[in-house]
Number of protein chains: 2
Amino acid sequence: MTAQDKNAIALAEQADQVAKSHGHLVIIGGGEDKQNDMAILKRFVELSGGPGAKIVVITAASSVAVNMWDTYDRAFADLGVTRHSHLHLQSRHDANDDRHIRDVADADGIFMTGGDQKRLLAVIGGTALDTAMHAALKLRGACIGGTSAGASAMSGHMLAQGRAELHPEKGSVSLGAGLGFLHKVVIDQHFSERQRLSRLLSVVAQNPYLQGIGIDEDTALVVERGVGIEVVGQGAVTIVDGRTMSTNVAEIANHETPELIDVRLHLLPAGSKYALPGNSDDDASRGDGPRMPQPLLEFLENITKRNPIS
Amino acid sequence: MTAQDKNAIALAEQADQVAKSHGHLVIIGGGEDKQNDMAILKRFVELSGGPGAKIVVITAASSVAVNMWDTYDRAFADLGVTRHSHLHLQSRHDANDDRHIRDVADADGIFMTGGDQKRLLAVIGGTALDTAMHAALKLRGACIGGTSAGASAMSGHMLAQGRAELHPEKGSVSLGAGLGFLHKVVIDQHFSERQRLSRLLSVVAQNPYLQGIGIDEDTALVVERGVGIEVVGQGAVTIVDGRTMSTNVAEIANHETPELIDVRLHLLPAGSKYALPGNSDDDASRGDGPRMPQPLLEFLENITKRNPIS
């Protein structure tokens, strides 16, 4: 067989894979169960292809990467996974290392742990490994999971830091550049537990271009690209949409509370499941079709969008 | 002068009073400053007619009524008020007593303290004193203030009790019959401080007829009937409007979290001031006229409505 034949076969296999799976994101609000039912990690394994899947765990967000790996090593082993490994990235050099890139290039599931999303992006943002993750998701339909910092890092505009005050506050939250698996959204985690609605509203007030997504602990927003979403776990996903709001945020001083009129708020508890019109099956039919409220449809269309590798 | 003449004069005087003032409500989220700047109590006194106004303090919500009176006695004295008195109502019999009704009938300001709104309603709800309060507000343009329990008691549907959970919960909040100075709303207090958004969403989820109003501590929503609103104090007023939402609340079991799609949320920080179109002056022109967002206009029209004595 010539090299060209091999390439043709590889491409055909790839196309077949893409046809089978659109790729999933499992965006977890932190604190997911790792010892008992493990509903969310179990779903991540299923969407990666089951216990036989090759799963890599990126701990670069964490300052205690080895401990973090120990925890997930045990959890995935308890779920019957045999081909999971630690992608221990300590520098951008590591994230451009061919060996690590090959690990990602044939992974079925890629999981990013918690820690600090700024640390994670400092190590992998814009590296060859970053590109390999996009390729895995978008060309092979791999599953990408992230919890806490690993969840925040998934959007193009990333909530980098900011206090959770009693009220939204101008200038209290700063954004950074995230991995960009999703666009036009910003993700916050530990959402209800740490009372972060004000923080998310602070972002949306100044960045109405972004829809805010707040994910509770032990709760995941599962996105199947091109198809639909589902909320898994114990809590809820809160969405704040300021695209049609009125606000005086441009006129007030820093640290003041803006007036916000007509922010749209959606609360999707665990069990919520929505498919894009035309993609529903019996399980996913709730809210489908003409009955789906327009603001939810718009959210769904954006978050399931199959963005190309940029 | 005949009795008829006297009545005619009294009626003319009454009409004159009504023309001068539409009546105000000062709805306070609890914890208002009573020792330093006292911005909110000062506004209550101003809207009652100033230091010369006759002010009565209803402590019936409280189980420590005399201590409560001591606090407000001092605060109003510090504001230069000389004609303030304690309306010490211990039973419905007291609330039907002519002496107390006369006190309310010629009061310029009526203030309801905190405590328990159910206790307050158990004592004064549906009594002659209740009617006298409505007459004072609606016929003479008196000012009615209420803080904490005294704030919750002002609406027709009153938030009676309910836990503030992390998420909205079906069946977790119970309503009672309040005094009905306002309709189609439900009022919660200590709002941001006690993280009560979920509780208010729980009410709205099951009662989309009611707009939820959450008032922070040391913050007041001041309503001038027929004219407009203003937020005074340190915090903000949060409004949740579920009239156009979609929800599965009817289908889920008690204690489950409902799906809520497209709840409208408004945040009005202290300093916010809105007048009904045609009622603005220079100070109140912000957001007036064609620029006022429709959901806010609808809120404003409802809350400033000059409901008749029923």
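Quick notes on the rules
Residues numbered from 1 in each chain as written. Chains lettered and ligands numbered in written order. Predicted model: local features only at pLDDT ≥ 70, side-chain atom pairs only at ≥ 80, totals over all residues. Heavy atoms only, no water. UniProt positions renumbered as here; feature names shortened; annotations may be inferred. Contact = heavy atoms within 4.5 Å. Helix = DSSP H or I, 4+ residues; strand = E, 2+ residues; numbered from the N terminus. Least-squares fit on C-alpha atoms with pLDDT ≥ 70 in both. Pairing = 2+ DSSP bridges. Axes fitted to C-alpha atoms, helices over the stretch in contact; angles between N-to-C directions. Salt bridge = Lys/Arg side-chain N within 4 Å of Asp/Glu carboxyl O. Buried < 20%, exposed > 50% of the residue type's maximum accessible area, 1.4 Å probe, protein only. Arc of directions from axis to C-beta. Polar contact = N/O pair within 3.5 Å; in protein donor to acceptor, adjacent residues only side chain to side chain. Phe/Tyr/Trp six-rings, centres within 6.5 Å; stacked < 30°, edge-to-face > 60°.

**A look at the UniProt feature "active site" (unreviewed entry) in chain A**
Residue and element names in this part refer to chain A. The residues that UniProt annotates with the feature "active site" (unreviewed entry) are Ser-148, His-190 and Glu-217. Spanning 70 residues, the named residues nonetheless gather at one spot, since no C-alpha pair among them exceeds 8.4 Å. Those residues within four positions of Ser-148 in sequence are excluded, and the remaining contacts are Ile-28, Gly-29, Gly-30, Gly-114, Gln-189 and His-190. Position of Glu-217 relative to the elements: it lies in the loop between strand 9 (211–215) and strand 10 (219–224). Discounting residues that sit within four places of it in the chain, Glu-217 has contacts with Gly-29, Gly-30, His-190, Glu-193, Arg-194 and Gly-235.

**Examining the relation of the copies chain B and chain A**
Of the transformation placing chain B onto chain A, the axial shift is 0.1 Å and the rotation is 180°, giving an RMSD of 0.1 Å. In short, the pair behaves as if placed about a two-fold rotation axis. Residue Arg-264 of chain B, judged by its C-alpha, is the member of chain B lying nearest the rotation axis, at 2.4 Å. Interface residue correspondence from chain B to chain A reaches 100%, placing this contact among same-surface, isologous pairings.

**Considering the sheet that holds strand 1 (residues 24–28) of chain A**
Pairing between the strands of a sheet is mediated by backbone hydrogen bonds and can be parallel or antiparallel. Residue and element names in this part refer to chain A. If you walk across this open sheet you meet the eight strands as 3-2-4-5-1-10-11-15, and the pairing is mixed. Edge strands, defined here as strands with exactly one partner in the open sheet, are strand 3 (83–87) and strand 15 (273–275). On average, adjacent strands in this sheet sit at an angle of 15° to one another, irrespective of strand direction. Here strand 1 runs beside strand 10; their pairing, made up of five bridges, is antiparallel. Each residue of the ladder has a partner; that of Ile-27, found in strand 10, is Leu-221. Contacts from helix 7 (residues 128–140) reach strand 1, strand 2 (54–58), strand 3, strand 4 (109–112) and strand 5 (143–147) within the one sheet, and its direction differs from that of strand 4 by about 130°.

**What to know about the pattern of salt bridges**
All names here are of chain A. Per the stated rule, a full pass over the model turns up 32 salt bridges over all chains. Of the charged contacts in the structure, one is a salt bridge between Glu-46 and Arg-43, with a shortest N-O distance of 3.5 Å. Here Arg-43 and Glu-46 lie together in helix 2 (residues 39–48), a separation of three residues that amounts to about one turn. On the basis of relative accessible area, Glu-46 is assigned to the partly exposed category, the value being 48%. As a salt-bridge pair, Glu-165 and Arg-163 come within 2.4 Å of each other at their nearest N and O atoms.

**Let's talk about helix 5 (residues 98–105) of chain A**
Residue and element names in this part refer to chain A. Within helix 5, the full set of buried residues consists of His-100, Ile-101 and Val-104. Mapping the buried residues of helix 5 onto a view down its axis gives an arc of 100°, with all of them on the same face. Along helix 5, the residues that are exposed and aim more than 90 degrees away from the buried face are Asp-98, Arg-99 and Arg-102. Where helix 5 is buried, its residues meet strand 3, helix 4 (92–95), strand 4 and helix 7. The residue sitting at the N-terminus of helix 5 and contributing the capping side-chain oxygen is Asp-97; that oxygen lies 2.8 Å from the backbone nitrogen of Arg-99.

**Concerning the packing of aromatic side chains**
Residues and elements named next belong to chain A. Applying the stated criterion to the full structure yields ten aromatic pairs over all chains. Seen from their ring centres, Tyr-72 and Phe-111 are 4.9 Å apart, and the 45° between their planes marks the pair as tilted. Taken together, the positions of Tyr-72 in helix 3 (residues 65–78) and Phe-111 in strand 4 put the pair 39 residues apart, joining distant regions of the chain. The exposure class assigned to Tyr-72 is buried, which follows from its relative accessible area of 2%. Centroid distance Phe-76 to Phe-111: 5.9 Å. Interplanar angle 80°. Geometry classified as edge-to-face. Pair noted here: Phe-76 is in helix 3 and Phe-111 is in strand 4, with a separation of 35 residues, a long-range link. The exposure class of Phe-76 is buried, given its relative accessible area of 0%. Accessibility expressed as a relative area gives 0% for Phe-111, which makes it buried. Ring-pair connections join several aromatic residues into one group, and the members of that group are Phe-44, Tyr-72, Phe-76 and Phe-111.

**Overview of the side chain of Glu-259 of chain B**
You can see Glu-259 of chain B is positioned in the loop between strand 13 (246–247) and strand 14 (260–269). At 2.6 Å, the side chain of Glu-259 of chain B forms a polar contact with the side chain of Ser-272 of chain A. Of note is the side chain of Glu-259 of chain B, whose polar atom sits 2.4 Å from the side chain of Tyr-274 of chain A.

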